[in-house]
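For reference, the chains in residue letters:
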Amino acid sequence: MERNGCGAGCLVVLIVLTMPLVLVAGVLLAAATVSAARLEYRAAHGEGTMGTFTATDLDCSGRGPCRWGGVFESPARIRQGAWIYGYEPLDLSEGDRVPALDAGHDVKVFRPGSYDWPGVLLLSALSLATLLLPAYLLRRVLRKRPPVLRKRPPGQADRLTSGW
């Protein structure tokens, strides 16, 4: 018996294999979202280590906006390969030294007073959608009822009708 053009084997693959994988991906995305939100919260509240960022190169190779890479220096350490959030490409030039806040991210430092809430909101929406997708699909699959054979009065042939 088929439901919506998908046989029993298709439903088994969908429910048994795909949904757990999607749930694992959703849990991992949710964990990344919590971690990113914690760092953005720290940056928004000025928590972290203040230092100086020296712009060395403008990277426009990715899909997103261009960003400045360089060196972050604080009294505690020097970090090569850092990039700064909160400056537009035309705000800095190569060799510029600007104040920066290290909120605990591996490579990202922040312009004091700036933080990336849109990125966290996008990541939150993506993780929520990934977590809710299996429940939505399962609900849709279980709500579809197979056709029911209804009895007709004597003299008329039985026919298939929808279960609704």
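Now for a quick tour of the structure. (Residues numbered from 1 in each chain as written. Predicted model: local features only at pLDDT ≥ 70, side-chain atom pairs only at ≥ 80, totals over all residues. Heavy atoms only, no water.)

Digging into the overall build of the chain
Piece 1. When helices and strands are tallied, the chain shows two helices and seven strands.
Piece 2. Beginning at the N terminus, the succession of helices and strands in the chain can be written as α-β-β-β-β-β-α-β-β.
Piece 3. Looking at the chain as a whole, 26% of its 164 residues qualify as buried. (Helix = DSSP H or I, 4+ residues; strand = E, 2+ residues; numbered from the N terminus. Buried < 20%, exposed > 50% of the residue type's maximum accessible area, 1.4 Å probe, protein only.)

Regarding the side chain of Ser127
Piece 1. Along the chain, the position of Ser127 falls in helix α2 (residues 117–143).
Piece 2. On the accessibility criterion, Ser127 (5% relative accessible area) is buried.
Piece 3. Here Ser127 is in contact with Gly26, Leu29, Ala30 and Thr33, once residues within four sequence places are set aside. (Contact = heavy atoms within 4.5 Å.)

A few points about the environment of Arg42
Piece 1. By secondary structure assignment, the location of Arg42 is in helix α1 (residues 8–44).
Piece 2. The exposure class of Arg42 is partly exposed, given its relative accessible area of 26%.
Piece 3. Excluding anything up to four places from it in sequence, Arg42 contacts Glu47, Gly48, Leu101 and Ala103.

Considerations on the side chain of Glu40
Piece 1. You can see Glu40 is positioned in helix α1.
Piece 2. In this structure Glu40 touches Lys108, Phe110, Tyr115, Asp116, Trp117 and Val120, once residues within four positions along its chain are discounted.

Observations concerning the pattern of salt bridges
It is possible for side chains bearing opposite charge to pair when their charged atoms get close.
Piece 1. Summed over the entire model, instances satisfying the criterion amount to five salt bridges.
Piece 2. With its nearest N and O atoms 3.9 Å apart, the salt bridge here joins Arg42 to Glu47.
Piece 3. A salt bridge links Arg79 to Asp102; its shortest N-O distance comes to 2.4 Å. Of the two residues, Arg79 sits in strand β3 (residues 78–85) while Asp102 sits in strand β4 (residues 97–102), which places them 23 residues apart along the sequence.
Piece 4. Residue classification places Asp102 among the buried positions, given a relative accessible area of 9%.
Piece 5. One continuous salt-bridge network, built from bridges that share partners, spans Arg77, Arg79 and Asp102. (Salt bridge = Lys/Arg side-chain N within 4 Å of Asp/Glu carboxyl O.)

Quick word on the state of the cysteines
Piece 1. Taken as a whole and assessed by the stated rule, the structure comprises one disulfide.
Piece 2. A disulfide bridge connects Cys60 with Cys66, and the sulfur atoms are separated by 1.9 Å. As the torsion about the S-S bond is roughly 120 degrees, the Cys60-Cys66 disulfide counts as right-handed.
Piece 3. Judged by its relative accessible area of 44%, Cys60 is partly exposed. (Disulfide = S-S within 2.5 Å.)

Considerations on the pairing of strand β1 (residues 49–59)
Piece 1. Sheet topology places β1 next to β4; six bridges connect them, and they run antiparallel. Opposite Thr49, over in β4, you have Asp102 as the bridge partner. (Pairing = 2+ DSSP bridges.)

What to know about the nonpolar core
Piece 1. The biggest cluster of nonpolar side chains holds 11 residues, and these are Phe53, Ala55, Trp68, Phe72, Ala82, Ile84, Tyr87, Leu92, Val98, Ala100 and Val109.
Piece 2. Apart from the residues within four sequence positions on either side, Leu92 is in contact with Ala55, Trp68, Ile84, Tyr87 and Val98. (Core = buried A, V, L, I, M, F, W, Y, C linked by side-chain atoms within 4.5 Å.)

With respect to the packing of aromatic side chains
Piece 1. Here the structure, examined in full by the defined rule, presents one aromatic pair.
Piece 2. Centroid distance Tyr85 to Phe110: 6.3 Å. Interplanar angle 65 degrees. Geometry classified as edge-to-face. In this pair, Tyr85 sits in strand β3 while Phe110 sits in strand β5 (residues 108–110), placing the two residues 25 residues apart along the sequence.
Piece 3. Among the residues examined, Tyr85 registers a relative accessible area of 24% and is labelled partly exposed.
Piece 4. Relative accessible area serves as the criterion here: at 0%, Phe110 is assigned to the buried category.
Piece 5. Taking the ring centre of Trp83 as reference, the NZ or CZ of Arg67 above it sits at 4.1 Å.
Piece 6. In this arrangement the basic side chain of Lys108 is found over the ring face of Tyr85, its NZ or CZ atom lying 5.0 Å from the centre. (Phe/Tyr/Trp six-rings, centres within 6.5 Å; stacked < 30°, edge-to-face > 60°. Lys NZ or Arg CZ within 6 Å of the ring centre and 35° of its normal.)

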